Structure formats: structure tokens, C-alpha cells
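What the coordinates show
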Amino acid sequence: MIQLGIIEDTKGIREMLSLYFSGQKEFDLCFAVESAAQIPMQKIGDLDIILCDIVLPGKSGMEITWLLKQKNPNLHIVMFTVLENEENIFQALQAGASGYLLKDTPLPIIKKSLLDVLKGGAAISPFLAKKVIDYFKPSVSTSTLTERETEVLKYIQEGRTNKQVAKRLQISSNTVKFHIKNIYGKLQVNSRTELFNLYKKVVN
């Protein structure tokens with residue numbers, strides 16, 4: 001059986017997790033405590049995985065992760081928190097965490113995530129995964145566009161058709177298409193929808 005520990009200072013959440021995992025045949029719940037001070041350190045060497053809050057009395061979840069990984073390098077620790085900013089995610093991973101789940105994650109998904117971690121995967125809420133991916137995307141700027149391409153882009157963002165753009169700029173529709181092709185290439189997008197979303201992100 002999988003040896004599981006839970007570190008969560010909110011009594012209701014701790015009891016809910018304890019009750020759920022106590023009834024799962026794959027898991028043996030070794031302890032459920034509210035702070036680092038209550039962790040039975042003699043059990044850490046045999047433990048497989050811990051579900052750990054970040055904001056705790058005394059040592060934080062980040063500190064606990066780092067300390068316990070020193071004692072048992074094979075131990076998996078999954079952060080369980082309401083904090084969803086990129087900085088906390090990266091700090092947790094740097095401390096040695098194997099995953100990062102939000103507290104509104106359904107219990108069956110938490111269970112699946114823990115099992116995935118033990119199979120070599122990673123546990124991270126889809127919303128958070130997208131935030132991490134977006135964070136590492138290269139920044140895009142419209143500064144590479146020519147003056148005419150910027151004008152075309154502006155009208156596209158207003159929802160105008162190629163024909164309307166051509167009329168506004170007093171150029172042919174084919175020339176508008178040529179500019180749009182160049183804009184797509186420079187901004188690395190493939191559709192007007194992508195272009196709209198990207199441009200909103202850039203200007204905001």
C-alpha cells in the first residue's frame with residue numbers, strides 16, 4: 001500500500017482528506033497533522049507521498065518540503081493550497097515538490113494526481129499548468145511590424161474584413177492579404193482569433 005501523510009492546518013479540510021483516503025484501498029494513511037511540529041519524523045523514511053498545505057503555522061509548506069526531502073530524497077510531496085500565483089508554484093517546485101494542486105480540486109482527482117506522481121508523472125491543476133506554460137512563452141512585441149502592418153492590425157482588431165481594410169487604407173484586397181500573412185509570420189499566429197488574443201495580451 002502507498003504510505004501517505006497529510007499536512008493541513010484547516011481542521012475541516014484535514015478531516016475530509018483523512019476520511020476519504022482512509023477509505024481508499026491503495027493508500028495507508030500514516031498521519032494527518034496540522035503543522036511541521038506534529039510530523040512523526042520516525043515515519044518519514046518509509047513514507048511514499050505527502051499532501052501538504054503551503055500556509056501553515058510555524059514552518060511553511062515550502063520549508064517542510066525542503067527539510068523532508070533531505071531526510072528522504074525519494075519522498076514525493078504535493079502542495080495543496082489556495083495560492084495560485086506563478087511565484088508560489090515555482091518556489092514549490094524548486095523546493096522539491098512533485099506537484100501543486102488547488103484546494104478546490106475534487107477528491108477523486110486528488111487521488112488520481114497522487115497516483116500519477118508515484119508512476120513518474122506530475123500533479124498540477126490544469127489551470128495552473130496553463131499559467132506556467134504562459135509564463136514561459138517568449139514575449140511578443142508588435143515593434144517588429146512595419147507602419148502599414150500596424151495599421152492593418154489595428155483595423156483587424158476592430159473586426160473589419162479585408163475588403164473594409166483595403167477601402168480604409170486605399171489599397172487592394174490582395175495587398176491586405178499580403179500584409180496579414182506577414183503579420184501572422186512575425187507574431188507567430190495562424191488565425192485571426194489567435195491574433196486578436198495575442199494583441200490584447202501585448203497591449204494590456
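Computed from a prediction, not measured in an experiment: that's the story for all the values here. (Residues numbered from 1 in each chain as written. Predicted model: local features only at pLDDT ≥ 70, side-chain atom pairs only at ≥ 80, totals over all residues. Heavy atoms only, no water.)

1. What to know about the packing of aromatic side chains
Applying the stated criterion across every chain, the model contains 2 aromatic pairs. Pairing Tyr20 with Phe21 gives two aromatic rings, centres 5.1 Å apart and planes at 85°, and the pair type is edge-to-face. A relative accessible area of 0% places Phe21 in the buried class. Taken together through their ring pairs, the aromatic side chains of Tyr20, Phe21 and Phe27 make up a single cluster. (Phe/Tyr/Trp six-rings, centres within 6.5 Å; stacked < 30°, edge-to-face > 60°. Buried < 20%, exposed > 50% of the residue type's maximum accessible area, 1.4 Å probe, protein only.)

2. Overview of the pattern of salt bridges
The final tally for this structure, using the stated rule, is 7 salt bridges. Where Lys11 meets Glu15, a salt bridge forms, and the shortest distance between an N and an O atom there is 4.0 Å. Of the two residues, Lys11 and Glu15 are both situated in helix 1 (residues 11–22); the distance of 4 residues between them amounts to about one turn of the helix. Given a relative accessible area of 53%, Lys11 falls into the exposed group. Given a relative accessible area of 46%, Glu15 falls into the partly exposed group. A salt bridge links Glu151 to Arg148; its shortest N-O distance comes to 2.9 Å. Here Glu151 and its partner Arg148 are both found in helix 6 (residues 147–157), 3 residues apart, which amounts to about one turn of the helix. With relative accessibility at 29%, the residue Glu151 sits in the partly exposed group. (Salt bridge = Lys/Arg side-chain N within 4 Å of Asp/Glu carboxyl O. Helix = DSSP H or I, 4+ residues; strand = E, 2+ residues; numbered from the N terminus.)

3. Quick notes on helix 1
Note on helix geometry: an α-helix contains 3.6 residues per turn, so any two residues three or four positions apart are oriented the same way. End to end, helix 1 covers 16 Å across 12 residues, agreeing with the expected 16 Å (1.5 Å per residue, within 8%). Taken together, the buried positions of helix 1 are Arg14, Leu17, Ser18, Tyr20 and Phe21. Residues of helix 1 that are buried make contact with strand 1 (2–7), strand 2 (27–33), strand 3 (49–52), strand 4 (76–81) and helix 4 (107–118). (Expected span 1.5 Å × (residues − 1). Contact = heavy atoms within 4.5 Å.)

Interpretation in functional terms is not warranted from these geometric data alone.
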